[in-house]
Amino acid sequence: SLGWVYEYDENLTARGSIGAEESVQEFSTTTRKEKQLNYVYSGRLTYQHRHSITDVELSRAQRPAGNGVSYLLTDISLRESYLINEQLFLRGEARYRKATYIQTAGINLDTEYSGSGSIGYQISHDVDVTANYGYLRQKLTSNNGDLDAHSM
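Residues numbered from 1 in each chain as written. Predicted model: local features only at pLDDT ≥ 70, side-chain atom pairs only at ≥ 80, totals over all residues. Heavy atoms only, no water.

Undergrad: For this particular structure, what's the right way to read a nonpolar patch on the surface?
TA: A surface patch of nonpolar side chains, about 620 Å² in accessible area, is lined by Leu-2, Trp-4, Tyr-6, Tyr-8 and Ile-18. You can see Ile-18 is positioned in strand β2 (residues 12-26). (Patch = residues over 30% accessible without salt bridge, like charges linked within 9 Å, V, L, I, M, F, W, Y side chains within 5 Å. Areas by Shrake-Rupley, 256 points an atom, 1.4 Å probe, with all protein chains shown as cover. Salt bridge = Lys/Arg side-chain N within 4 Å of Asp/Glu carboxyl O. Helix = DSSP H or I, 4+ residues; strand = E, 2+ residues; numbered from the N terminus.)

Below you can see the structure in the form of structure tokens.
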């Protein structure tokens, strides 16, 4: 892979990399092998202002799944951190993920949407108290339904 970092000014930075990788999936019941050449990349744009930091990220990479298969995951996210004053801060994140398989085995992730928000108070340099809320919605392969999760 090939990567770079570009600092437009003290507030705006871009990072990126692009490359290729081959994935091979062997099936234990046969001698068959599935090969696929995957183009992978990652990019991050960071804007930092006096009281806030905004990150936009885009990536595509091979990931293993718990059931023995692997998938190519495309991930897009937006994160914001905002400092209200020296002790009080807000954070938020939105994310979309899409999985692509050589061959889908069983029930796996197809798409995922998630979002989270938090508010925190910094008590000291090393200690803060934070309240969080998160939402996750996953669509599974083979029309096996959706999963929803809420966390606090």
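Undergrad: Please explain the sheet that holds strand β5 (residues 70-83) as it appears in this structure.
TA: Note: strands within a sheet are paired through backbone hydrogen bonds, in either parallel or antiparallel orientation. With antiparallel pairing, the nine strands of this open sheet are ordered in space as β1-β2-β3-β4-β5-β6-β7-β8-β9. The outermost strands of the open sheet, each flanked by one partner alone, are β1 (2-7) and β9 (146-151). Taking each pair of neighbouring strands and ignoring which way they run, the sheet shows an average axis angle of 10°. Pairing of strand β6 (residues 88-101) with strand β7 (residues 109-122), which is carried by eleven bridges, proceeds in the antiparallel orientation. Looking across to β7, one finds that Gly-92 is bridged to Gly-117. (Pairing = 2+ DSSP bridges. Axes fitted to C-alpha atoms, helices over the stretch in contact; angles between N-to-C directions.)

Undergrad: Explanation requested: the pairing of strand β3 (residues 33-48) in the structure shown.
TA: When a strand is regular, its side chains alternate between the sheet's two faces. Pairing geometry for β2 and β3, over 15 bridges, is antiparallel. Its bridge partner lying in β3, Arg-15 is registered against Arg-44. Relative to strand β4 (residues 52-64), β3 runs antiparallel, the two being bridged by eight bridges. Each residue of the ladder has a partner; that of Ser-42, found in β4, is Ser-59. Following β3, the chain reverses through three residues before pairing antiparallel with β4.

Undergrad: Quick question: what am I supposed to make of the nonpolar core here?
TA: Nonpolar side chains tend toward joint burial in soluble globular proteins. The biggest cluster of nonpolar side chains holds six residues, and these are Val-69, Tyr-71, Leu-73, Ala-99, Tyr-101 and Leu-109. When residues of this core are traced back to their parent elements, those giving at least two are β5 and β6. If we skip the residues at most four places from it in the chain, Tyr-71 touches Ala-61, Gln-62, Arg-63, Pro-64, Ala-65, Ala-99, Thr-100 and Tyr-101. (Core = buried A, V, L, I, M, F, W, Y, C linked by side-chain atoms within 4.5 Å. Buried < 20%, exposed > 50% of the residue type's maximum accessible area, 1.4 Å probe, protein only. Contact = heavy atoms within 4.5 Å.)

Undergrad: Quick question: what am I supposed to make of the packing of aromatic side chains here?
TA: On inspection of all chains with the given rule, the structure shows two aromatic pairs. Centre to centre, the rings of Tyr-71 and Tyr-101 are 5.5 Å apart; their planes meet at 50°, and the pair counts as tilted. Here Tyr-71 is found in strand β5, whereas its partner Tyr-101 is found in strand β6, with 30 residues between them in sequence. Neither residue differs from the other here; Tyr-71 and Tyr-101 are each classed as buried. Geometrically, the ring pair formed by Tyr-96 and Tyr-113 is tilted, given 5.2 Å between the ring centres and 50° between the ring planes. Placement of the pair is Tyr-96 in strand β6 and Tyr-113 in strand β7, with a sequence separation of 17 residues. Residue Tyr-113 is classed as partly exposed on the basis of its relative accessible area of 45%. (Phe/Tyr/Trp six-rings, centres within 6.5 Å; stacked < 30°, edge-to-face > 60°.)

Undergrad: Is there a simple way to explain the pattern of salt bridges in this structure?
TA: Pairing between side chains becomes possible if they bear opposite charge and their charged atoms approach one another. Evaluation of the coordinates by the stated rule reveals eleven salt bridges. Among the salt bridges present, the one from Arg-97 reaches Glu-112, with a minimum N-O distance of 3.8 Å. Of this pair, Arg-97 sits in strand β6 while Glu-112 sits in strand β7, placing them 15 residues apart in sequence. On the basis of relative accessible area, Arg-97 is assigned to the partly exposed category, the value being 22%. Looking at Glu-112, the relative accessible area reads 8%, which means it is buried.

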